[in-house]
Structures are given as C-alpha cells and as structure tokens.
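Summary of the model geometry
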Amino acid sequence: MTIIDEIPLARPVLGAAEEQAVLDVLRSGQLSLGPRVTAFEQSFAARVGAPHASAVSSGTSGLHLALRAAGVGDGDEVVTSPFSFVASANVVLYERARPVFADIDPVTHNLDPQAAAAAVTNRTRALLPVHIFGYPADLPALEALGLPIVEDACEALGAVHAEGTPVGGRGHPAAFGFYANKQLTTGEGGMVVTGSAEHKERIDSERNQGRAPDMGWLDHDRLGFNYRLSDVACAIGLAQLEHLDEMLVARARVADCYRAALAGLEAERGLALPCPDGGGDRRGWFVFVVQLPRGTDRDATIRALRELGVQSKPYLPAIHLMSFYRDRFGHRPGEFPVAEDVAERSIALPFFPALSEAQVTRVAEALERVLL
Ligand SMILES: Cc1ncc(COP(=O)(O)O)c(C=O)c1O
C-alpha cells in the first residue's frame, strides 16, 4: 500500500530567523568558541532563572559533566529512575559509579520519592531525578532526603514547579537537551544550568579538555573532554529561544486537542493519557505518550497505525530490562512493577507544534479503529 501524507512523530520549527542566524555565523568566520556561545548561555540561564549556564554538545554530555560537578565517582551509587531515556543511567556508568533504580510514581511517571528514599545506602552520592516527558519531578520531596541532586531536564524546557520556579532554576546542576525532537533544538546540543559558580567553572573547563577559561591552550590543569557546542548550533539555539514561548503554547494546544480527541478511548477502552498538571506543577510539553489498554498487542498496534499513515513508537523501554543492564547487573522483570507496566504499554504519538487539529483527529480516529 502506498502511504500518502504519513504523519511523522516529530518535526522541528525552523524558519527565516534560524537561517539568518546560521548565515551570520558563517559570514563571521568564527564557528567555535565565539560570542554566540556566551550569548546563548546567558539568554538560556535567564530563561530558566538559573545563575549560570554552560553550552555543551548534547544532553548526555551535560549530564555527565553535571554528575562530575556533583562529585560522583568510582564506586558511588546514584539513585535514579528506570523509566527514562538510557542516557540518564549510562552517564553514571561513565564515572564507574552504579545507577540504583527506584520505582516511579504511577501518575506522573517520575521517580517516586519514597522508593528513592528506600534505595538510599551509605554509598549513595547523589539522586538523579528525570523530569520525564516534561513533567516536573517532585524535587521538594527529593531535596528533603538531603543528598546532592543532579536533574535530568533534557525533556523539560518550559516546565514549572508548583511554587513558580522553572525547572532548572532550583540551584542543582540540571542538564537540558536540544536534539531535534526537543522543545528547542540545535540539531544536537545541550545546556547545563547551575546555581553554583564553582560548578560552572568546572563544567566550562571539562567540556574543553580541562582548560581553565584564563589558561593558554598549551596548558590544561585537569582531565577534560571535547563536549563543546559550536557557534553555529548556539546561533540556532538563540533564534529558537526567541520564539520558544510560541512553540510551547503550540505544543500545549496540540496536547489539549489530543486530550479532547482521545477522551472516548480513555473512558471506554482504558487508554491512559498523560497526567494533567496537578498541585500547581506545570508540564513543558515534549511528547504525547499514551499507555495502551492492558492486553493490547503493542507491536501490532504500531504496525496497524503505520498502515493508516500514522507514525508511533514504543516509548520508553524500562532501562533496567535492556540487555546491557540485565547482563551487567542481573536485573529481572518484577523489580520495578510500576515502571515496567507503564513502559510495556507506552507508545508515543505524533507530536510537534505544527500538528493541526485535523491531523490529531486523524491520529485519534486511527487509534480508535485499531483498538476497538
Ligand atoms: C530523559 C533524557 N535524558 C537524556 C537525554 C540525552 O540527550 P541527548 O540525546 O541530547 O544526548 C535525552 C534525550 O534524548 C532524554 O530524553
């Protein structure tokens, strides 16, 4: 069958401002370590209400440097969520520390503070909550555990905590990601924000092979990486920041359309939709992930949707059940029942700012056809 007009999962909003920004950098001749890096960092820090920001090559490299800044090292344990993109656990292993998973909250799908507390041992060096799918993690409850916190905010630009602080603005090192499906994209890229000048100094140095900002290039006083973000990417990021609010509003509009279009399947077939904002927390919309009714064949559903011209994908698999994590740590099904149940029923539906109401209706009708 020829598929006409397939609805993709994601599509970035890039326009004349981004094109001009890239051209300006190319014409300036300064493609890296130039003025756009600092400008992007300062605008981004102001946006999330953080004192400091460091542009980095990806969300993963940002998380890695944030963990190092928090002092995580060889033999430490880091308590984190098994329901996340695999990068949030991998970065712990980069430092020869151990990711210790704790189950998630059945409503928000974020790390459950009680489960996290139960997973703490005398080797726990930090907590690594993930603001999954842009919903703010319960940081006040996690902060009460009294351990250093590193936030995975890769999916959460635009999210706001109940007391009004944007995600990333609570002072902990927090990493954002700018991959092409994110609220703001630079193609690949990331940003670490922090309330600590000391963290900022260390992160800036370690992203650049361990060179302090005031050092000549011939000397480096610590081990570092090449985790730099180019001026081309930072220029795109600056242009994206200019219309971030519009893009966030558009994403929220698409989410509202989905909620209305899928209300019938939710009520009659037990399809689970993303939790609405609760207790004053506000989601920064990133993806629209639903959990299929129990007993549904997910692979068959995805194939059937594809035949109807709708892209979807399983999202996200539980990290502890990935073969690498099973082999390395002996994880088995049943350890984190909430995360496993959510992970095995989840699919991401097409979601991006330009998705029209008619397209949302088409997705909902396709899902209805497949599920009823
Ligand atoms: C929760 C989460 N953590 C970490 C990452 C890693 O970000 P990146 O792909 O930019 O390295 C992502 C992005 O895909 C993510 O969604």
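Residues numbered from 1 in each chain as written. Predicted model: local features only at pLDDT ≥ 70, side-chain atom pairs only at ≥ 80, totals over all residues. Heavy atoms only, no water.

**Brief notes about the packing of helix H1 (residues 16-28) against helix H8 (residues 231-242)**
Angle between the axes and distance between the axes are the two parameters that describe a pair of packed helices. Packing of H1 against H8 brings their axes to within 8 Å, and their N-to-C directions diverge by 150 degrees. Put simply, H1 runs roughly antiparallel to H8. Seen along the crossing, H1 lies across H8 with a hand that is right-handed. Residues Ala-17, Glu-18, Ala-21, Val-22, Val-25 and Leu-26 of H1 lie in contact with H8, whose contacting residues are Asp-231, Val-232, Ala-235, Ile-236, Ala-239 and Gln-240. (Axes fitted to C-alpha atoms, helices over the stretch in contact; angles between N-to-C directions. Helix = DSSP H or I, 4+ residues; strand = E, 2+ residues; numbered from the N terminus. Parallel < 35°, antiparallel > 145°, perpendicular 65-115°, else oblique. Left-handed = near helix turned anticlockwise from the far one by under 90°. Contact = heavy atoms within 4.5 Å.)

**Considering the pairing of strand E4 (residues 124-128)**
Most of E4 sits inside the fold, with 4 of its 5 residues counted as buried. In the sheet, strand E2 (residues 77-80) pairs with E4 via 4 bridges, with the strands oriented parallel. In the sheet register, Thr-80 faces E4, and the bridge partner there is Leu-128. (Buried < 20%, exposed > 50% of the residue type's maximum accessible area, 1.4 Å probe, protein only. Pairing = 2+ DSSP bridges.)

**Concerning the environment of His-64**
Position of His-64 among the secondary structure elements: in helix H3 (residues 59-69). A residue is classified by how much of its surface remains accessible, and His-64, at 3% relative accessible area, is buried. Once residues lying within four places of it in the same chain are set aside, the contact partners of His-64 are Val-91, Tyr-94, Glu-95, Phe-225 and Tyr-227. A polar atom in the side chain of His-64 sits 2.6 Å from the side chain of Glu-95. (Polar contact = N/O pair within 3.5 Å; in protein donor to acceptor, adjacent residues only side chain to side chain.)

**Section: the packing of aromatic side chains**
For the structure on display, the rule yields 15 aromatic pairs. Between Phe-101 and Tyr-325 the ring centres are 6.1 Å apart and the planes differ by 65 degrees, which places this aromatic pair in the edge-to-face class. Of this pair, Phe-101 sits in strand E3 (residues 98-101) while Tyr-325 sits in helix H12 (residues 323-329), and the two are 224 residues apart along the sequence. One aromatic cluster in this structure is built from Phe-101, Phe-324, Tyr-325, Phe-329 and Phe-336. Above the face of the Trp-285 ring, Arg-283 is positioned so that its terminal group lies 4.7 Å from the ring centre. (Phe/Tyr/Trp six-rings, centres within 6.5 Å; stacked < 30°, edge-to-face > 60°. Lys NZ or Arg CZ within 6 Å of the ring centre and 35° of its normal.)

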